[in-house]
Amino acid sequence: MGTIPPVSESPPSSLGGRPKGLLHRLPLAGVAAAFVMGIVAGRYVPLGAGAFAAVGILALAGAAATIRRRHLWPITAGGLLLTIAAIGAVYLQLCYFTVDDDSILHAAGEQATLATLRGVAETSPQIHEQPANPSRGGYTPGPRTRFLLRSTAARTAAGWQRVSGLVQVRIEAADTRIAAGQTLELMGRISRYRQGGNNPGQYDPSERARQAGALVWMKVPGPDAVTILEGQEMNWFVRGLWRLRVLTRQHLLMSSDEPEANLLVALVQGERDPALRSLNTTMMRAGVAHYLSISGQHLAIFLGFIFLLCRLAMLNQRRSGIVVLAVLAAYLLAAQPQAPLLRSAIMAAALCVTLIGGRTYSPINALAAAAIILLAVEPLQLFTAGFQLSFVTVCGLLLLHRPLHEAMLSRWRKRRGLMVFRDSQRFRRWLHTAAIEWSAGIAAVGVAAFVVTSPLAAYHFGLFSPYAALLTLVLLPLMIAVLVPGYLSLATALLLPNVSHSLGRAAAWAAQGLSVAVDAASHLPGLCLELRPVPVWWVLLCYATIALFATRRRLKRGWTWCAAAIIALAGATLWTQRPAPPPERAQLHMLAVGNGQCCILRTPSGRTAVIDAGTGASFDAWEEVLKPFLRQQRLEDPVAVFISHGNTDHFNALPGLLERCRPTVYVNEFFGRPGADKPELDLMAQIARRGLTVVRLAAGDEAAIDGRTRVRVLWPPAGATGLSENDASLVLQVACDGASVVLAGDVGKAPQAALSHPPTRTEALVLPHHGAFTPALGKYIEAADPKIVLVSGAGLLGGASSSAASVKEFFGQLQRTRSCYDTPSRGYVKLELGGDAPASVQTQR
């Protein structure tokens, strides 16, 4: 009889006898978390790279000093993690706040300058077709070609010089000759990105370009300014890689007509065509936009199918892992390298390696390794919505899937344990065992993904999609029907071209079915709730609540903590969705919309009114400017809309606004009458369909917005005839507590002269017709005697484009004698007036 060994306090593990604590089971999770926190600190903590480096050196010294003392291992681990965080901070600062000596940034200035660039097309060019918008008076912007260029040389006034860095190129026409990997010479205008958007809440292209590594943009007038050079500066492997991707895309495009083929390319290869913008918007609102990005679900379907084929071919797990790893490597060569795909690929490769080596797979470690690798390549992608959603989704699935699965089946399993099935009831036994387990597992995946992605979707996009989990499950069979034949079509393209074409057609039909299903889902009531902005602390509170739910059984009084967290989250949500408090004085917000005018009036009672809302530029002023502004400023729906006259650059943002609220609409006596332009008639038809009240105004009329704020009409006179469209503009005086601002619409010489006698004094004046010069403008300004002059559209120096020296002198004198602000140079302008203080102005820049 042998001797019984003593019981140790810690059971031995396979790793040198050390205990299997959390840090030993998940060593990379802490490293990844420290690296991420360091990158965040490097971006937002106001310390230099030297300070972070010093912190890292001190932390490393502390870790080295305590590494031999077992009881001080927590200090050692903390020092190492702090060192890793310092490395992340220094790395971020080197990437974000510094550029190379030969960067293209040095050749570009704040203003666009003529230049010639040479470089290699880094991405596949995308042609953006912009549909006609009836509210723009029939103007249809032409197609534009966009791509990233890796610059190698630039010619400016100083001559040719070697440069480096990415440039965002926009060709003002469609150019189908260009392909990724080609060496190009481009002539056009280059400039640095202007930091910050033109308006609060507006999309900032400079931030996204910077995250992509592009600090300079280039505008090329047309294909004639593009020369494709014969010489190739890339090696044979990179050229072959781009060639493979082009051939893959062409093969998929040949499978069907353009809409379905473009969707098939996006789902299988990951290259999203601009034509899918509308579908992408609908899927985003439905909460299923992840289907358009190749992610873990796509690779799970694809590689799971390959693994199943290997097992059916009687290959063991090791050989099946080798085959799956080889197929994954081949697929990565043909697909677009995006963060969700690369993250999924790294995790899948780690799983294959564990199968091949017979090791235990740790999905958390694989996820952490993917994060470390991707952030080491490009740390700025940490701040992108795609990267965050991708990793948070997988992390949430790993942590929540099992608890949700158990919660769904706990009672059913107790009941199923009492069931007895005969040998002839095999199908019924399968339904009550495997089928129920699989269905609950898939449902748990959908619910877990919905729970963990909703806070980020609310933060980045301001959307909450209550149907997201359900639609994810409903669309899953269609996704499988698209992906499996699509991947097989690529695999058989060379050996079995006829079979490959048939498989491609089947995948395209399934893609069409997916598109139809998404379109049908867009009509569901309450498909998407648009939220006001939520702060970062609200997102963190959401994930803290989710973490409490996942660990509730390990905590003392876990359900109590969960209930308290849910109550706190509900209260915080209601608090974040409250409207902005009323201002102390009236506020006139003039938005930068290019050639046009869009003004928002906010009264001391908190009411909102819109005075003109349109643009003559090619973008959608409602979706890109007005709607984001109302959301970001947390304003209530407008109670009144004033349309000065019938030019589309003063009202083409209103159709979108009028679909979501029911204001009173004020127009002049001529707007929308029979014989008017189609955009006016279409807007009046929409107003009638919505049952909105229309009030026609003339000089002398008033509209009270609240007890302290009134809008008085100065022009045109009642019953006036023979006025042009511009001269019939409503000239409005907005008054609050005796202070006022006049918005003169687009009135010309004759109305300006008439308004000068008798004069209407005002603290601020919005110049008529975007600051266009007329002989009567000087006398009109002198009669109104404003201390503040505002211009929307052309800019105060717009008149300087005239060759007349007198016009230049006029605008120069105006800026010297009065406080002048224009939207082209200042961006958004906010005027405050009323109360006891004098009128004041704040600007975006």
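Residues numbered from 1 in each chain as written. Predicted model: local features only at pLDDT ≥ 70, side-chain atom pairs only at ≥ 80, totals over all residues. Heavy atoms only, no water.

Caption draft 1: Structural detail: the sheet that holds strand β17 (residues 702-704). Taken in spatial order, the seven strands line up as β17-β18-β19-β20-β21-β22-β23 in an open sheet, and their pairing is mixed. The open sheet is flanked by β17 and β23 (819-822), the only strands paired with a single partner. Across the sheet, the axes of successive neighbouring strands diverge by a mean angle of 20 degrees, strand direction being ignored. The pairing of strand β21 (residues 764-766) with strand β22 (residues 788-791) spans three bridges and is parallel. In the sheet register, Val766 faces β22, and the bridge partner there is Leu790. (Pairing = 2+ DSSP bridges. Helix = DSSP H or I, 4+ residues; strand = E, 2+ residues; numbered from the N terminus. Axes fitted to C-alpha atoms, helices over the stretch in contact; angles between N-to-C directions.)

Caption draft 2: Layout of the pattern of salt bridges. Using the criterion set out here, one finds 17 salt bridges in the structure. For the salt bridge of Arg660 with Glu530, the shortest nitrogen-to-oxygen distance reads 3.7 Å. Placement of the pair is Arg660 in the loop between α20 (654-658) and β15 (664-667) and Glu530 in strand β10 (residues 529-530), with a sequence separation of 130 residues. Glu530 sits in the partly exposed class, given a relative accessible area of 40%. The closest approach of N and O atoms between Asp785 and Arg761, which form a salt bridge, is 3.8 Å. With Asp785 in the loop between α23 (777-784) and β22 and Arg761 in the loop between α22 (749-755) and β21, this residue pair connects regions lying 24 residues apart in the sequence. Connected through shared salt-bridge partners, Arg285, Glu530, Glu623, Lys627, Asp637 and Arg660 make up one network. (Salt bridge = Lys/Arg side-chain N within 4 Å of Asp/Glu carboxyl O. Buried < 20%, exposed > 50% of the residue type's maximum accessible area, 1.4 Å probe, protein only.)

Caption draft 3: Region of interest: the packing of aromatic side chains. Inspection of every chain in the model, using the stated rule, returns 14 aromatic pairs. Measuring from centroid to centroid gives 6.2 Å for Trp537 and Trp575, while their planes differ by 45 degrees, and the two rings are tilted. Placement of the pair is Trp537 in helix α17 (residues 536-550) and Trp575 in helix α18 (residues 558-576), with a sequence separation of 38 residues. Residue classification places Trp537 among the partly exposed positions, given a relative accessible area of 41%. When the ring of Phe810 is compared with that of Phe811, the centres are 5.2 Å apart and the planes differ by 80 degrees; the resulting orientation is edge-to-face. (Phe/Tyr/Trp six-rings, centres within 6.5 Å; stacked < 30°, edge-to-face > 60°.)

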